[in-house]
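This is what each chain is made of:
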Amino acid sequence: MSKKIKKIALLTGGGDCPGLNAVIRAVTRTAILQYGYEVIGYKFGYRGLYNNDYIKLDLNSISGILHRGGTILHSSNKDNLFDYQVIENGETVKKDVSDKAIENMKNLGVDALVVIGGDGTLTSARDFARKGVNVIGVPKTIDNDLLATDVTFGFNTATEIACEALDRLHTTAESHHRIMLLEVMGRNAGWIALDAGIAGSADVILIPEIPYDLNKIVDKVKEREEAGKQFTIIVVAEGAKPKDGDVVVAKIVDDSPDPIRLGGIGNKIAADLEAIIKNHEVRSTTLGHIQRGGNTSAYDRILSTRYGVKATELINEELFGNMVCLKGQNISYVSLEEVIGNTKCITANDEKVAAAKMMGISFGD
Ligand code: F6P
């Protein structure tokens, strides 16, 4: 057992995601029960690290949170301490305040930091590791777009929710002979749309990786009519775009490191389809943050628990500067240096896309 480590800290950064609480619980329980570490949690991600805003985590404070989405530590997707907004001489300026965060950790006697987050949060984790901080990363995002792990926690829950939404849209679409679209999240990756589309028996799946041709969607609707089906279900990833067009941006969040918020492609396609197809009403539903809220799926509770346990084991083995990951069936770890900037999108020869096509699902291409 490591003699060097006595106290560890956790933080959750970026958008919230089902499974964050399960990781917090697993790290805290393993740290206390197996290694006798003291555990604290910084509030609101890196902001808490800068402001020295933290809570003590013990077996009591993490009791009853395994199933709950969100994060008891709260989160922020705006606070990059290497480029942080501060007020100096009455002026708002951005500067690197990472040394202050390191000093705060030293003063508190924090020996290691577990950073639970996606690409942006883990980029800072890598940068802190480069400055000598003992960091372990845990990969979070419903988008499942980190190359360094086969699966990020949160993805399964989001997909289950999207699948259930498709099941619900089916019955109402069938009753009214409507074309129903479901817009799901995923940023520039189509994983949620692809998996939910296959599981939820969508007729058309539109993903960012395969730009669509509107005429091909119309063809699918007609093909179904000819087969006696008077309704069509389309799942569309928020990052999907037409062959000759671009993504639909919902909002620019200026003070966010990743300012573009996608959204609105479902409504756009609904309007475009209604201009062509006159014998069916077209409706679009945007699932939005419902995909991130509520209870965590059993799969994600287990994955998050395994990640949390492994992260704490890595601390005990003093294997810092790494991120836990899933490779096949096994929990492993990879250097944070290899994680950043390597996103995982659906490739042209993806086996699941091929299987869906074999089943007659259209990708609008
Ligand atoms: O990365 C997770 C995610 O939910 C994306 O799927 C989505 O594009 C984005 O975050 C939404 O961000 P926000 O919660 O800031 O609106």
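As shown above, the structure is provided for reference.
Report on the accompanying structure. (Residues numbered from 1 in each chain as written. Predicted model: local features only at pLDDT ≥ 70, side-chain atom pairs only at ≥ 80, totals over all residues. Heavy atoms only, no water.)

1. Concerning the overall build of the protein chain
Part 1: From N to C terminus, the protein chain includes 11 helices and 15 strands.
Part 2: Since a compact globule built from 365 residues should have a radius of gyration of about 21 Å, the 22 Å found for the protein chain is in line with a globular shape.
Part 3: Counting only residues that meet the buried cut, the protein chain has 55% of its 365 residues in that class.
Part 4: Averaging the locations of the 42 positively and 48 negatively charged side chains of the protein chain gives two centres separated by 4 Å. (Helix = DSSP H or I, 4+ residues; strand = E, 2+ residues; numbered from the N terminus. Rg over C-alpha atoms; globule rule 2.2 N^0.38 Å. Buried < 20%, exposed > 50% of the residue type's maximum accessible area, 1.4 Å probe, protein only. Lys, Arg positive; Asp, Glu negative; His and termini not counted. Charge placed at Lys NZ, Arg CZ, Asp CG, Glu CD.)

2. Details of unusual backbone geometry
Part 1: In this model, Arg 187 sits at a positive phi of 55°, which is unusual for a non-glycine residue.
Part 2: Tracing the backbone through its elements, the reader meets Arg 187 in the loop between strand S8 (179-184) and helix H6 (191-199).
Part 3: Notably, Glu 318 is not glycine yet its phi reads approximately 55°, a positive angle.
Part 4: Mapping Glu 318 onto the fold places it in the loop between helix H9 (298-316) and strand S14 (322-327).
Part 5: Since its relative accessible area comes to 33%, Glu 318 is described here as partly exposed.

3. Points about the packing of aromatic side chains
Part 1: According to the stated counting rule, one finds 5 aromatic pairs in the structure shown.
Part 2: Sitting over the face of the ring of Tyr 50, Lys 100 holds its NZ or CZ atom 5.0 Å from the ring centroid.
Part 3: Over the aromatic face of Trp 191 sits the side chain of Lys 344, whose NZ or CZ is 5.9 Å from the ring centroid. (Phe/Tyr/Trp six-rings, centres within 6.5 Å; stacked < 30°, edge-to-face > 60°. Lys NZ or Arg CZ within 6 Å of the ring centre and 35° of its normal.)

4. Concerning the environment of Lys 352
Part 1: When you line up the elements, Lys 352 lands in helix H11 (residues 351-358).
Part 2: In this structure the C-alpha to C-alpha distance between Lys 352 and Asp 272, which are 80 residues apart in sequence, comes to 28 Å.
Part 3: Within the structure, Lys 352 has its side chain in polar contact with the side chain of Asp 195 (distance 2.8 Å). (Polar contact = N/O pair within 3.5 Å; in protein donor to acceptor, adjacent residues only side chain to side chain.)

5. Overview of the sheet that holds S14
Part 1: Strands sit in the order S3-S2-S1-S6-S7-S14-S15 across an open sheet of 7 strands; the sheet is mixed. Each having just a single partner strand, strand S3 (54-57) and strand S15 (330-335) make up the two edges of the open sheet. With direction set aside, neighbouring strand axes in the sheet form an average angle of 30°.
Part 2: Strand direction decides the pairing type here: strand S1 (residues 7-12) and strand S2 (residues 38-42), joined by 4 bridges, are parallel. Of the residues in S2, the one forming a bridge with Ala 9 is Ile 40.
Part 3: Relative to the sheet, helix H3 (residues 98-108) contacts S1, S2, S3 and strand S6 (112-117), its axis offset from that of S2 by approximately 150°. (Pairing = 2+ DSSP bridges. Axes fitted to C-alpha atoms, helices over the stretch in contact; angles between N-to-C directions. Contact = heavy atoms within 4.5 Å.)

6. What about the pairing of S2?
If a strand is regular, its side chains alternate between the two faces of the sheet.
Part 1: Within S2, 4 of the 5 residues are buried, which leaves it mostly tucked inside the rest of the structure.
Part 2: Between the parallel elements S1 and S2, the chain passes through helix H1 (residues 20-35) in a crossover that is right-handed.
Part 3: Bridge count between S2 and S3: 4 bridges; the pairing is antiparallel. Opposite Gly 41, over in S3, you have Ile 55 as the bridge partner. (Right-handed = clockwise from strand over helix to strand, strands pointing away.)

7. Looking at H3
Part 1: Every buried residue of H3 is accounted for by Ser 98, Ala 101, Ile 102, Asn 104, Met 105 and Leu 108. Relative to the axis of H3, the buried residues are bounded by an arc of 155° and lie together on one face. Exposed residues on H3 whose side chains face more than 90 degrees from its buried face are Asp 99, Lys 106 and Asn 107.
Part 2: Contacts made by the buried residues of H3 are with S1, S2, helix H2 (46-51), S3, S6 and helix H4 (119-130). (Arc of directions from axis to C-beta.)

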